[in-house]
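# Secondary and tertiary structure notes
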Amino acid sequence: MKKNITPYLFAAPAFLVLGYFSILPMLQTAYYSTLEYSFFGPHRFIGAANYVRLFTDPHFWATLLNSLLFLSVTPVLMVVSLTLALSVRNLLRGARIVRLMLFLPVVTPVVIAGIVWRWIFTEETGLLNHLLSLASVGPVRWLTEFPTNLVSAMLVTVWRGMGYYMMLFLAGLALVPREVEEAGILDGATPLQQVWHVLLPLLRPTLLFVAVVSSSAAVKVFTEQYILIPGAPLDNKALVSFLYRHAFERFDFGYGSAAGMVLFGMTLLFSYTQVRLMDREQSS
Amino acid sequence: MRKALSRIVIITASAAAVIPFLWLAATSVKGAEELFVYPPTFIPRTFQWENYTGVWNAIPFGLYLVNSLTVALLSVVFNLLLSSLAGFALARYRFRYRGLLFGAVLFSMMVPKEMLVIPLFTSVLRLHLADSLLGVVLPFAVEGMGIFLMRQAFLALPRDVEEAAVMDGAAPLRLWWSVMLPMVRPSLAALAIFTFIGSWGDFLWPMVVLKSQEHYTVQVGLSMMLGTFVDNYRYVAAGSLLALLPVALLFILMQRHFERGLLSGSGK
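Residues numbered from 1 in each chain as written. Chains lettered and ligands numbered in written order. Predicted model: local features only at pLDDT ≥ 70, side-chain atom pairs only at ≥ 80, totals over all residues. Heavy atoms only, no water.

### As for the overall build of chain B
Selection criterion: To qualify as a helix, a DSSP run of H or I must reach at least 4 residues; to qualify as a strand, a run of E must reach at least 2; elements of each kind are numbered from the N terminus. A simple rule labels every residue: compare its accessible area, found with a 1.4 Å probe on the protein chains alone, to the largest value its type can have, and call it buried under 20%, exposed over 50%, or partly exposed in between. Here a residue-residue contact requires only that any non-hydrogen atoms of the pair lie within 4.5 Å. In this description, accessible areas are obtained by the Shrake-Rupley approach with a 1.4 Å probe, and a residue is regarded as covered only by the protein chains that are shown.
Scanning chain B from terminus to terminus reveals 14 helices and 0 strands. The N-to-C order of helical and strand elements in chain B reads α-α-α-α-α-α-α-α-α-α-α-α-α-α. For the C-alpha atoms alone, the extent of chain B along its principal axes is close to 75 × 60 × 35 Å. The 268 residues of chain B split such that 58% are buried. Within chain B, counting contacts between residues at least 6 apart in sequence, those at least 24 apart form 72% of the total. Element-wise, carbon and sulfur atoms account for 68% of the exposed surface of chain B, whose accessible area totals about 11700 Å².

### With respect to the side chain of Asn149 of chain A
Assignment of secondary structure puts Asn149 of chain A in helix α8 (residues 148-174). If sequence neighbours within four positions are ignored, Asn149 of chain A has contacts with Arg141, Trp142, Leu143, Thr144, Ile229, Ala232 and Asn236 of chain A.

### Some words on the interface of chain B and chain A
Operational definition: What gets called buried area is simply the loss in accessible area from a 1.4 Å probe that two parts show on being joined, summed for both. Put simply, a salt bridge is a Lys or Arg side-chain nitrogen that is within 4 Å of an Asp or Glu carboxyl oxygen. Counted as a polar contact is a pair of N or O atoms within 3.5 Å, where, for protein atoms, one must be capable of donating a hydrogen and the other of accepting one, and residues adjacent in sequence contribute only when both atoms are in side chains. Residue classes follow a fixed rule: Ala, Val, Leu, Ile, Met, Phe, Trp, Tyr, Cys and Pro count as nonpolar, while Asp, Glu, Lys and Arg count as charged, and any other residue, Gly among them, counts as polar.
Every contact between the two is made by 100 residues of chain B and, on the other side, 94 residues of chain A. Of the roughly 8700 Å² buried between chain B and chain A on both sides combined, carbon and sulfur atoms contribute 78%. Inspection of the region where chain B meets chain A yields 0 salt bridges. Remark: the boundary between chain B and chain A carries 7 residue pairs in polar contact (both at pLDDT 80 or more). Among the residues forming the side of chain B that touches chain A, the class breakdown is 76 nonpolar, 16 polar and 8 charged.

### Points about the domain arrangement of chain B
All names here are of chain B. The criterion, for reference: Domain ranges listed in this record stem from an automatic or a database domain assignment.
For chain B, the assigned domains read domain 1 (1-48) and domain 2 (60-264). One C-alpha centre belongs to domain 1, the other to domain 2, and the line joining them spans 33 Å. Taken together, the 11 residues of domain 1 in the interface contact 8 residues of domain 2. Counting each side, the surface lost to burial between domain 1 and domain 2 is near 740 Å², with a carbon and sulfur contribution of 78%. Ranking the residues of domain 1 by area buried against domain 2 places Leu24, Ser28 and Leu35 at the top, with a combined share of 51%.

### As for the packing of aromatic side chains
Basically, it comes down to this: We call Phe, Tyr and Trp rings a pair once their centres come within 6.5 Å, taking the six-membered ring for Trp, and we label the pair stacked below 30 degrees between planes, edge-to-face above 60, and tilted otherwise. For a Lys NZ or an Arg CZ to count as sitting over a ring, it must be within 6 Å of the ring centre and within 35 degrees of the ring normal.
Taken as a whole and assessed by the stated rule, the structure comprises 37 aromatic pairs over all chains. Seen from their ring centres, Phe222 of chain A and Tyr244 of chain A are 5.3 Å apart, and the 50° between their planes marks the pair as tilted. Taken as a pair, Phe222 of chain A in the loop between α11 (204-219) and α12 (223-228) and Tyr244 of chain A in helix α13 (residues 239-249) lie far apart in primary sequence, 22 residues in all. Judged by its relative accessible area of 4%, Phe222 of chain A falls in the buried class. Residue Tyr244 of chain A is classed as buried on the basis of its relative accessible area, which comes to 11%. Within the aromatic cluster, the residues linked to one another by ring pairs are Tyr31, Tyr32, Tyr37, Phe222, Tyr226, Tyr244, Phe248, Phe251 and Phe253 of chain A together with Phe121 and Phe203 of chain B. One Lys or Arg, Arg151 of chain B, reaches over the ring of Phe102 of chain B and ends 3.7 Å from the middle of that ring.

Structure follows, in structure tokens:
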């Protein structure tokens, strides 16, 4: 076939946008992180000084640690959403409405979810502490005490995520041949044994996918905390809040970019695995 | 036994999923004096529908909704157009830099949006798009995931489709538009729904770009109301419910498309 410029013309608009607004900014962040670059002044190359400052900044370590702690939503989400999927898939009636109810939090904007939960978490007059008080628990300092306020944001994340991961598990379970399970029942395996020894190994790709998607989102948590605990000290929040504080409240773009590079490094393993899984699935 | 356990799980989770929405709805019609009573009341004593007109009049809330709708619809149009053009090229043509371009798509999927906001902000300033809706839309007018999904959709089509069309002498652009696009309609629908919901709920980037109140999207507007209307939760609640309605309705009406699309991008 002769040389054909047609595919280039088709690809050009998208790749101009992608290049200018995704690939180039990635390189710019790396470059900015080596600059003394304030919004208000000229910039100047300072080598690794931003990173040295970062690694000696206790607020950086505190927010980094919180981002890592936030990873504990992943095992919780996996257990909750797999349990839900196992329960929902044998529903004969009402499966659609149950999926609808569980999925509504997924499409709810984070800001709105944060607003609702902030009221539910309100310590003196909120719904949650009221319910807990009926069981003589609390009052729990959901918003004002660390690390409880970290857990509150995690709860919002689990609430918004469980329906999504349940759907992924349902799709994974749909691929498990019926005979495999029936064989397990005939062997006299208890339901739990059956899940553990038969289903989980077959669900490995889905489990891995859910784990990496949830983890890379967890490290990047921001809006939940921005809405839930706006007045809390920075040390109660996670790494993106640190980036936001320095880049957009103090306009220290160089320092913020260095934090951005750390964020990239932290999510890379998860997002790389995610993309690998998606690409492999597609080409097989 | 197993059935009963399943039922308990489902009822508990459904209640946990739905109660916050009921709480939001209840708060949105409560009177000011009922907001912080203890114990909290689930069913409001009085129904103050004025909260809805209140939020509408106290701030340019209608404008926020229009801005969000503009941003979301523009994002949908741009993403569908650009992703399906590029996805078509990557899936149905062999050309020299195809591997490199697809590599760029995969790479862009690994870069967290949160780390790009600083250089994107400086770019948008340079382009004189700061504090504008176009500045919110343009940087995400196409995303790696969208190109990936459309490539996947076009790859799944049988080989002989375009051969027949090419024999008919169809120009490539017409082939793409009138033969190929109709065949990937489910993927287009899924991408449209995802883009709309994602763009409607986006917060960090619009907050960085938009400075003046008349340009706020509804999420930025709500977060600002939260700061200024401290004593007026009921307005914020009414506003939140109004801002939730479009995505909730879209999802309820398109549940089937949504669920199918979800799985096409999930490694399944």
